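Spelled out, the chains give:
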Amino acid sequence: MRDDPLLGLIVVLAPLSIASIGGASAIYAPLQYEAVEVRHWVTGAQCLDLFAISRFIPGPSSILGALIGFNIAGLLGALVAMVALYLPSSALCYAVGAVWDRHRGKPWHTALEQGLAPIAAGLIMAGVLSLYRISGGDMLTGAVILGSAGALAWKRKLHPFILLAGGAIAFELAWLVR
Amino acid sequence: MSGEQPRVGFSALYRVFFWIGLFSFGGGLLPWIQREIVTLRGWMKDEEFLPGVALAQILPGVNSTNLAVFVGQRLRGAPGSVVAVIGMLTGPFLVMLVAAVTYQYVLGAPAIQAAMAGAAAGAIGMMLNMGVAAVRSASRGVAAILVMIAVFVAVGVMRWSLIPVVLVAIPVSVALAWPRGARDAG
């Protein structure tokens, strides 16, 4: 069952790809359990290190699965893990999107489009709130969020790098004077 | 399909998502994708794009890769989706490989962690900006505004789980939008 690490990665990660409803954080607990307790791919301490890296690098935080893949089977392990992590959920999204596109212009499609718009808006604002909470929810974070949103409202084509760099500089200054 | 616009090239599609993916810190990627695809390049209209934002969040998987699938599919079909997702994940994958080898030396430096947290806050600000715009364009009448507030309170404030909330919200919201939708489409 656990002789082939590549097969093991697929068996563990592919179902988690479809199970990651509402973002990657849903898969942390089962991924850690499988990788540490069941299959002994990494120790608990290693897993925590890899988790920290996954938060630290760009990209979805479920890339943790690819870090574990790299740890047990090198480059090929990382590649197999990427495919197992993102192919199933992308295929599902593609199927839904294809159906969506085929019915463009029909009355129910327009109704669905208009019905989804307020849900999207509500979810985005809920996402802002939960990201704010996760980030610590302090004054400085709130100020940078508002500053960045305000700057973008002022100049719509402002490059995102400027906003990210602005936030980084503000936090860096705060860290220096602390 | 509208078909008035010239086809978007695969390399242009790949490049857009490559840069977004490479600098995707702390979540707020959906507004960045909107900026590149809708605001700067006009490849899609906001009305086409926003349902994708909803689907990307509702369906399982990562929001940003789901949205890449949706945008790629709309612009160039199945190959477009593949190109967009691979573009999105190339940068993170390469950085991940470098980080996996060198992390002992870099990780944990407080100066770097502060910068990362600040960049993440900047990204959340982009998300807030997008949320305000989405609220504005979705505010077609009292019913839509009530749905919006209900979804925000349920998922954001009460922290109810997403699936049951949208399973209730979608039929209600679509039923409320039905008369207008039928009229607009006709």
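Everything below is about the structure printed above this text.
Residues numbered from 1 in each chain as written. Chains lettered and ligands numbered in written order. Predicted model: local features only at pLDDT ≥ 70, side-chain atom pairs only at ≥ 80, totals over all residues. Heavy atoms only, no water.

1. Re the environment of Leu97(B)
When you line up the elements, Leu97(B) lands in helix α4 (residues 63-106). Measuring from C-alpha to C-alpha, the distance between Leu97(B) and Gly87(B) comes to 16 Å, with ten residues separating the pair along the chain. (Helix = DSSP H or I, 4+ residues; strand = E, 2+ residues; numbered from the N terminus.)

2. Considerations on the packing of aromatic side chains
Tallied over the entire structure, the rule returns five aromatic pairs over all chains. Their ring planes at 50° and their centres at 4.4 Å tell us that Phe161(A) and Phe23(B) sit as a pair that is tilted. Of the two residues, Phe161(A) sits in helix α7 (residues 160-177) while Phe23(B) sits in the loop between α1 (10-22) and α2 (30-40), which places them in two different chains. By relative accessible area, which is 33% here, Phe161(A) ends up partly exposed. For Phe23(B), a relative accessible area of 27% gives the class partly exposed. The interplanar angle of 20° and the centroid separation of 6.2 Å between the aromatic rings of Trp19(B) and Phe23(B) together place this pair among those described as stacked. Taken together, Phe161(A), Tyr14(B), Phe18(B), Trp19(B), Phe23(B) and Trp32(B) form an aromatic cluster joined through their ring pairs. The ring of Trp43(B) is capped by Arg41(B), whose NZ or CZ atom sits 5.6 Å from the centre of that ring. The ring of Phe10(B) carries Arg76(B) above its face, with NZ or CZ at 4.2 Å from the centroid. (Phe/Tyr/Trp six-rings, centres within 6.5 Å; stacked < 30°, edge-to-face > 60°. Buried < 20%, exposed > 50% of the residue type's maximum accessible area, 1.4 Å probe, protein only. Lys NZ or Arg CZ within 6 Å of the ring centre and 35° of its normal.)

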